[in-house]
Every structure is written in C-alpha cells, then in structure tokens.
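Understanding the architecture of this molecule
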Amino acid sequence: MAFDFEKALRRRTAQHAELMALENRRIRDASGVFERWENPVLSAAHTPLIWRYDLERRRNPFLLERLGVHAVAGAGAIQRSGRICLVARVEGKDRKSFFAVAVSQSGIDRFRFWDHPLELPEAGDPDGNVSDMRLTAHEDGWTYGVFGIERKDPTAPLGDTSRAVARVGIVRTRDLVRWERLADLRSRAVGPQGVVLHPELVRGQYAFYTRTQPGLGEDGVGGIGFALCENIEQAELGEETLVDARAHQTFKEARNAVGAPPIKTRKGWLHVAQGTRTSAAGLRSVLYAFLCDLDEPARVIAAPGGYLLSAEGDERTGDVPSGLACAGAIARESDEVFIYYAASETQVHVATTSVERLLDYVTRTPPDPQHTRGSVALRAALVERNLALLARQKGKAYRGLR
C-alpha cells in the first residue's frame, strides 16, 4: 500500500494541535503548601512540528522525523506584558541542547514555542553543550540569562571522549529576541550548574548565588554560596560566603544549589532550591525553600525542615529518575506563585501556590533539629497540642484525625 503523505501530515498536525489546546487540571497536594498540575507544561511532544519534520514531500516522502527532540528540561521564567515566558532547554536526539522561548497567558497550560529556537552568540570557543538557563529581571533594566556550558577538554588523553571543561555562560536581553553574550563567569570555586544572578545590586555590586565546592564553611562541607562582582560584562567573583550548607542525613547531603532567582517578599528573599541525597537506588533530588534577609541576602533567616516538593507518578520516569530541578519561579501581582521544575530531566511541570502561603510555610514550619531525638520531640509536641485541642472541642469537629 502506498504511503499517504497528506493523510499522515494531517494526523500529526491534529495530534499536535490537540496537545497544545489541552487544559491542565489542578491536583491539590496533601501538604496544603502548593497545587500540582496533572500534565507537563512542556515536553518533547510540545515542540513545533517544523522543528522536527521536513514537510516537503519530495525530500521526505515517508514523513519521517529528521531532527528529533528527546526532552525539554529546565526552564527559566519571566513575565512580559501579562504573559509568562519560559526559556527552556531543549535536548535533541543528538544529545545537543539549545534554548527556546515558550509563552503562555495562564502559566499552567497552552505554552507555545516561538517558531525559531534561540541562536545565542558564543564567547570565543564553541559551546559543546549547554544546561538550564536561569533568567533574572535585574534592577539595571536588563534580563540576564545564566547557564552552564561544557566544552571538550583539550588536555584529555587520546581516546577519552567524555572529559569536559565546565564554565558558566552569561547573556542579556531586553526583549528575549536580541541577546548579547558576555564573558564567561570567572571564579576559583564555582560549579557550572546552579548559578543564579540576584535581582538587585548589593552594596553597589552584582551578586551571584553559587554552588560551592567542598571546603567552604566551618565544617568544609560546601553548599550554596554567595559572591559579588563589580563588572557584569567581565564577571569575576570575589570571596564567597556560605549561605546554606549541605548536611548529613538530610535531603541535601550529597549536594544543593539555588534553583530559581529569589522572589522578593515583605519578609525577605524567598528561595526555591534543589537538594540531592543518596539512596539505594541512586541520587534523588527534591525542591526545598528558605528565606534570606532583605538587606543581607546571604543570611538565611528561616529554613523549614523537610523538602517542599518531590517527584510523583510519571515525574519519576526519565533520564534522571526521581530527580527534580527548578530554574524558574514567578510571583504575579495577584500573589500567585508559579514554580517551574524539570522532572527527571525530561519534561517541565508547574506547581502553584501564593506568596503568603510560602511565607507561612518557611517561617512557621520548624527547622530540622539534625538528629532523630529532636525530630521525635517536635512530633510529640505537635501530638500533645492536637490532643489538647481535641479534648477542648470534645472531638466533634475533629473526628477521624487520629
């Protein structure tokens, strides 16, 4: 039977249109801190057909995918003209990643990619590959993108095809269309991933949150760092301060890093970060939150014990199973907060909450006592308070809570 090109094209076009029009469904989380949404907001299937198929019948008689897309992962987020814009990392089936802009009015569904991926300028040596971009709308009027870069290590032994040199790239724009490439970030200790530009100047300088190497801090464990630089166009970080250390027997014992640029609130700078622990099944990454002082953004003033968000259901399946990573979070004037996170390095999901709910969570949830006895004592105290309340209410309004 002859292949019907037109019929196949109509079918693929209709399937893609149906996906793009799909309304997302809210799923309330038992924690009460946030709501999940049933479907990913971006995935490989959301990418435009014109990116993947040659639509000329003569050149592609069987309508085969020519430039396949493997995944859409971490996405930086920014608001423009009432819409939410994501700069997502798209990974082709050739393993090369690139960035592309997707826009939605609601922020929870119907994101559409612009026709063209971003073609960013390079800073000298070609970028072998790139990792998630964090977008910061800075008080200087620019929107900055900070992202990880890997280039082949020229000193690698003959036959070693995996060794790479890791760097942090910086670009800036005013309209998400025209981008200026700045010099790569220079630092003696910063890891290539999890670097975020603070939205405001600190003591007249640009400020970065970093993922430091072991050796920083009183115990030398490293973690999330903070450093200043005078010139963003030739950014070189000064001395680093440890903001949030890794800790034994926690969700961040293996490593941690800032996720999205912090959200400015009336009580402080609100962070959504990523923590990774070891397990019998490998590394597991979750999202957690903490609050920093408005005037001293390197000083944590509230840090609830436990994680904020972990992978569930289909989010556990992908290139990095059960791993979550956040590169973008938006607070709208309505008080709504949209947290965009990559699930298993394969697709982008959104969780929604409010600034006030997050502030209540980070300031009223007890901190981690760092040992079992203290953890049990916290829970026992909560039980006693609740039992006393049940007794006062004679159990009528609280049946079924035991």
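Residues numbered from 1 in each chain as written. Predicted model: local features only at pLDDT ≥ 70, side-chain atom pairs only at ≥ 80, totals over all residues. Heavy atoms only, no water.

**Observations concerning helix α4 (residues 372-392)**
In this model, α4 (21 residues) spans 31 Å end to end at C-alpha, consistent with the 30 Å of a helix rising 1.5 Å per residue. Just downstream of α4 lies Lys 394, where phi reads positive at about 60°. (Helix = DSSP H or I, 4+ residues; strand = E, 2+ residues; numbered from the N terminus. Expected span 1.5 Å × (residues − 1).)

**Some remarks on the environment of Gly 194**
With respect to the helices, strands and loops of the structure, Gly 194 is situated in the loop between β10 (179-185) and β11 (196-197). Residues Gly 194 and Gly 74 lie 120 residues apart in sequence; the distance between their C-alpha atoms is 11 Å. Those residues in contact with Gly 194 that sit more than four places away from it in its chain are Arg 134, Tyr 209, Thr 210, Arg 211, Ala 257 and Val 258. (Contact = heavy atoms within 4.5 Å.)

**Examining the sheet that holds strand β20 (residues 324-331)**
One open sheet holds the 5 strands; their spatial order is β1-β2-β22-β21-β20, and the pairing between them is antiparallel. In this open sheet, the two edge strands, each paired with only one partner strand, are β1 (26-28) and β20. Adjacent strand axes in the sheet meet at a mean angle of 30° when their direction is disregarded. Examined bridge by bridge, strand β21 (residues 336-343) and strand β22 (residues 347-354) share 8 bridges and lie antiparallel to one another. Residue Tyr 341 lies in a different strand from β22, and its bridge partner there is His 349. Sitting on the sheet, helix α3 (residues 355-364) is in contact with β2 (35-37), β20, β21 and β22, with an inclination near 85° to β22. (Pairing = 2+ DSSP bridges. Axes fitted to C-alpha atoms, helices over the stretch in contact; angles between N-to-C directions.)

**Description of unusual backbone geometry**
In this model, Asp 335 sits at a positive phi of 90°, which is unusual for a non-glycine residue. Along the chain, Asp 335 turns up in the loop between β20 and β21.

**Some remarks on the pattern of salt bridges**
Going through the model one piece at a time under the given rule, you end up with 29 salt bridges. A salt bridge links Asp 127 to Arg 181, with the nearest nitrogen and oxygen atoms 3.1 Å apart. A residue pair is termed long-range when its members are at least 10 positions apart, and Asp 127 in the loop between β6 (112-113) and β7 (129-137) and Arg 181 in strand β10 qualify at 54 residues. Residue Asp 244 pairs with Lys 252 through a salt bridge whose shortest N-O separation is 2.8 Å. When its relative accessible area of 10% is taken as the criterion, Asp 244 is described as buried. Residue Lys 252 is classed as buried on the basis of its relative accessible area of 12%. One continuous salt-bridge network, built from bridges that share partners, spans Arg 26, Arg 28, Glu 35 and Arg 357. (Salt bridge = Lys/Arg side-chain N within 4 Å of Asp/Glu carboxyl O. Buried < 20%, exposed > 50% of the residue type's maximum accessible area, 1.4 Å probe, protein only.)

**Remarks on the pairing of strand β9 (residues 164-173)**
Direction of pairing for strand β8 (residues 143-152) relative to β9: antiparallel, over a ladder of 10 bridges. Opposite Tyr 144, over in β9, you have Arg 172 as the bridge partner. In textbook terms, the turn of a hairpin is the stretch between consecutive antiparallel strands, and for β9 and β10 this stretch comprises 5 residues, one of which, Leu 176, has a positive phi near 65°.

**What to know about α3**
An α-helical turn contains 3.6 residues, so any two residues separated by three or four positions project in the same direction. Every buried residue of α3 is listed here: Val 355, Leu 358, Leu 359, Tyr 361 and Val 362. Buried residues of α3, viewed axially, fall in a sector of 160°; they line one side. Considering only its buried residues, α3 is in contact with β17 (269-279), β18 (282-292), β19 (300-302), β20, β21 and β22. (Arc of directions from axis to C-beta.)

**Points about the pairing of strand β5 (residues 97-104)**
Of all 8 residues that make up β5, 7 are buried, and the element is covered over most of its length. Pairing of strand β4 (residues 83-92) with β5 involves 8 bridges; the strand directions are antiparallel. By the bridge assignment, Val 90 is partnered in β5 with Phe 98. Where β4 folds back onto β5 in an antiparallel hairpin, the turn is made up of 4 residues, including Arg 95, whose phi is positive at roughly 80°. The sheet contact formed by β5 and β6 spans 2 bridges and is antiparallel.

**Concerning the packing of aromatic side chains**
The final tally for this structure, using the stated rule, is 10 aromatic pairs. Arranged with centres 6.0 Å apart and planes meeting at 35°, the rings of Tyr 288 and Phe 290 form a pair that is tilted. Across the pair, Phe 290 and Tyr 288 agree in class, each one buried. Within the aromatic cluster, the residues linked to one another by ring pairs are Trp 51, Phe 98 and Phe 113. When the ring centre of Trp 142 is taken as origin, the NZ or CZ atom of Arg 172, which lies over that ring, is 4.4 Å away. (Phe/Tyr/Trp six-rings, centres within 6.5 Å; stacked < 30°, edge-to-face > 60°. Lys NZ or Arg CZ within 6 Å of the ring centre and 35° of its normal.)

**Some words on the state of the cysteines**
All chains considered together, the criterion is met by 0 disulfides. Note on Cys 85: no disulfide assigned, nearest cysteine sulfur contributed by Cys 326 at a separation of 17 Å. The thiol of Cys 292 is unpaired, and the distance to the nearest cysteine sulfur, on Cys 326, comes to 15 Å. Classification of Cys 292 by relative accessible area gives buried; the value is 0%. (Disulfide = S-S within 2.5 Å.)

**Brief notes about the sheet that holds β9**
On the basis of which strands lie adjacent, the open sheet formed by 4 strands has the order β7-β8-β9-β10 and antiparallel pairing. The sheet terminates laterally at β7 and β10, the two strands that pair on one side only. Averaged over all adjacent pairs, the angle separating strand axes in this sheet is 25°, with direction ignored. Of the strand pairs in this sheet, β9 and β10 are connected by 5 bridges, and their pairing is antiparallel. Counterpart to Val 168 in the pairing with β10 is Leu 185.

**Considering a nonpolar patch on the surface**
Taken together, the side chains of Phe 3, Phe 62 and Leu 64 present a nonpolar region at the surface, about 300 Å² in accessible area. Tracing the sequence through the fold places Phe 62 in the loop between α2 (49-52) and β3 (69-80). (Patch = residues over 30% accessible without salt bridge, like charges linked within 9 Å, V, L, I, M, F, W, Y side chains within 5 Å. Areas by Shrake-Rupley, 256 points an atom, 1.4 Å probe, with all protein chains shown as cover.)

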